[in-house]
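Survey of secondary and tertiary structure
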Amino acid sequence: MSAGHSGGETCGIKQKKVMIPAGDETMMKLLILTPTGGPGKNRTGVLWIHGGGYVTGMAEMVYMSRAKDLVKQCGAVVVSPEYRLAGQAPYPAALMDCHYALLYLKEHAEELGVRSDQIMVGGESAGGGLAAALCMYEKDCGGVRIAYHLPLYPLLDSEDTETSRDNHAPVWNTRRNHYGWARYLRFLPPQDIPCYASPARRQDYAGLPPAYTFVCTAEPFYAETLTYVERLREAGVAAEVDVYPGLFHAFGMLLPFLKVSRQAAEQFRRHFSYAQQHYFARQQETV
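What you see is a predicted model; the values in this text were computed from it and never measured. (Residues numbered from 1 in each chain as written. Predicted model: local features only at pLDDT ≥ 70, side-chain atom pairs only at ≥ 80, totals over all residues. Heavy atoms only, no water.)

In terms of helices and strands, the protein chain carries 8 helices and 9 strands. Radius of gyration (C-alpha) of the protein chain: 17 Å, near the 19 Å computed for a compact globule of 287 residues. In the protein chain, which comprises 287 residues, the share counted as buried stands at 57%. Counted over contacts in the protein chain with a minimum sequence separation of 6, partners at least 24 positions apart contribute 72%. Surface summary for the protein chain: the accessible area is close to 12,100 Å², and the carbon and sulfur share equals 50%. Seen as two clouds, the 28 positive and the 29 negative side-chain charges of the protein chain have centres 6 Å apart. (Helix = DSSP H or I, 4+ residues; strand = E, 2+ residues; numbered from the N terminus. Rg over C-alpha atoms; globule rule 2.2 N^0.38 Å. Buried < 20%, exposed > 50% of the residue type's maximum accessible area, 1.4 Å probe, protein only. Contact = heavy atoms within 4.5 Å. Areas by Shrake-Rupley, 256 points an atom, 1.4 Å probe, with all protein chains shown as cover. Lys, Arg positive; Asp, Glu negative; His and termini not counted. Charge placed at Lys NZ, Arg CZ, Asp CG, Glu CD.)

This is the structure in structure tokens:
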């Protein structure tokens, strides 16, 4: 897979921009973040997918996300893809772009100093939904083996739930949720939406990689996040969730100075560090 690239360095993180072939013969930008110090091998690789309800966002949002902490504090290599938004191309464009980004991470693992058996995926909001969908797609298609996933307050269910219905919270609410889903799924009949588009449609959760997420009670995705974790657990998949009462969508990104945001960041880092020590893709091969 050919690619053009450029790079730079800031705040303890080395950045490289790479252009790769993606879905439908398009080119896609990847931002690759690596730690500036220490040995450059046997690192955890993370594909981190930005949010924005499928209709907005960019790869550079990785610098607002929890993922930058994985580079600076946990020594991970993070790849952030600038997948096509729904206004440009609806489902399955975003998913397939993330698939090609994941393939790039896998195929260039040695070059990037990444363990090929410890590739993880994660993201916030729509990025969390895409992370879950990508795990399902890769498992079913025999693709990249994913060691762990971190779908934070993920957008998973294209149908209204008890908390996404009549939700008027700040940042993300019912109106915006309906708009994002309508744009993303506009060419799919409502009765024929696959789990790779709306992960809540999935029936069999066995064999998916272990997971950690967090969510707050006032946002639309509270119910679907808890349901996702419950279904993973019912299928025998290790899954953990932290719940933060009364807060709104993406509070940790928008209000990082709050005590509860710092708590959420520390819990996220703790779960990731545990995953680094305990979860490897080879453990999923016999599931």
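Still more ground to cover, so stick around.
Counting buried positions along strand 7 (residues 148-152) yields 5 of 5 residues, so the element is predominantly enclosed. Because side chains alternate across strand 7, one face comprises the buried residues Tyr148, Leu150 and Leu152, and the other comprises His149 and Pro151, equally buried. Of the strand pairs in this sheet, strand 6 (residues 114-124) and strand 7 are connected by 5 bridges, and their pairing is parallel. When the bridges of strand 7 are listed, Met120 appears paired with Tyr148. (Pairing = 2+ DSSP bridges.)

Look at helix 2 (residues 93-107) against helix 4 (residues 126-141): their axes get within 10 Å of each other, and the N-to-C directions meet at 70°. On the basis of the axis angle, helix 2 is roughly perpendicular to helix 4. Crossing of helix 2 against helix 4: the hand is right-handed. Contact with helix 2, carried on its side by Ala94, Leu95, Met96, Cys98, His99 and Leu102, involves Leu130, Ala133, Leu134, Tyr137 and Glu138 of helix 4 and no other residues of that element. Grouping the amino acids of the contact of helix 2 with helix 4 by side-chain chemistry returns 9 nonpolar, 1 polar and 1 charged. (Axes fitted to C-alpha atoms, helices over the stretch in contact; angles between N-to-C directions. Parallel < 35°, antiparallel > 145°, perpendicular 65-115°, else oblique. Left-handed = near helix turned anticlockwise from the far one by under 90°. Nonpolar A, V, L, I, M, F, W, Y, C, P; charged D, E, K, R; others polar.)

With respect to the helices, strands and loops of the structure, Pro170 is situated in the loop between strand 7 and helix 5 (174-184). The sequence separation of Pro170 and Phe248 amounts to 78 residues, and the corresponding C-alpha distance is 6.3 Å.

Leu47, Leu130 and Tyr184 are the most contacted members of the largest nonpolar core, which totals 56 residues. With 9 residues, the single largest contributor to this core is helix 4. Every residue in contact with Leu47, bar those within four places of it in the chain, is listed here: Val79, Pro81, Cys98, Ala101, Leu102, Leu105, Met120, Val121, Gly122 and Leu134. By size, the runner-up hydrophobic cluster in this structure holds 30 residues, among which are Leu70, Cys74, Cys216 and Phe272. (Core = buried A, V, L, I, M, F, W, Y, C linked by side-chain atoms within 4.5 Å.)

Compared with an ideal rise of 1.5 Å per residue, which puts 20 residues at 28 Å, helix 8 (residues 259-278) spans 29 Å between its outermost C-alpha atoms and is within 8% of the ideal. Those residues of helix 8 that sit buried are Ser261, Ala264, Ala265, Gln267, Phe268, His271, Phe272, Ser273, Ala275 and Gln276. (Expected span 1.5 Å × (residues − 1).)

The periodicity of an α-helix, 3.6 residues per turn, causes residues three or four positions apart to be oriented the same way. Helix length check: helix 4 (16 residues) gives 22 Å between terminal C-alpha atoms against 22 Å at 1.5 Å per residue, within 8%. Judged by how many residues are buried, helix 4 sits mostly within the fold: 13 of 16 residues are covered. Positive phi appears at Gly142, one or two residues downstream of helix 4, with a value of about 65°.

The next point concerns the confidence of the model for the protein chain. Within the protein chain, residue pLDDT values average 93, and 94% of them lie at 70 or more. Here residues 283-287 scores under 50 on pLDDT; set against residues more than four positions off or in separate chains, the count is 7 contacts. (pLDDT = per-residue confidence, 0-100.)

Attention now moves to the packing of aromatic side chains. Under the counting rule described, the total for this entry stands at 13 aromatic pairs. On the basis of an interplanar angle of 80° and a centroid distance of 5.9 Å, the ring pair of Trp48 and Phe268 is categorised as edge-to-face. Highlighted residues: Trp48 in strand 4 (residues 43-49) and Phe268 in helix 8, separated in sequence by 220 residues. On the accessibility criterion, Phe268 (1% relative accessible area) is buried. The interplanar angle of 15° and the centroid separation of 5.3 Å between the aromatic rings of Tyr148 and Tyr279 together place this pair among those described as stacked. Taken together, the residues Tyr148 in strand 7 and Tyr279 in the segment after helix 8 connect sequence positions 131 residues apart. You'll find Tyr148 and Tyr279 in the same group, each marked buried. These aromatic residues form a ring-pair network of at least three members: Tyr54, Tyr91, Trp181 and Tyr184. Over the face of the ring belonging to Phe187 we find Arg186, whose NZ or CZ atom lies 5.3 Å from the ring centre. (Phe/Tyr/Trp six-rings, centres within 6.5 Å; stacked < 30°, edge-to-face > 60°. Lys NZ or Arg CZ within 6 Å of the ring centre and 35° of its normal.)

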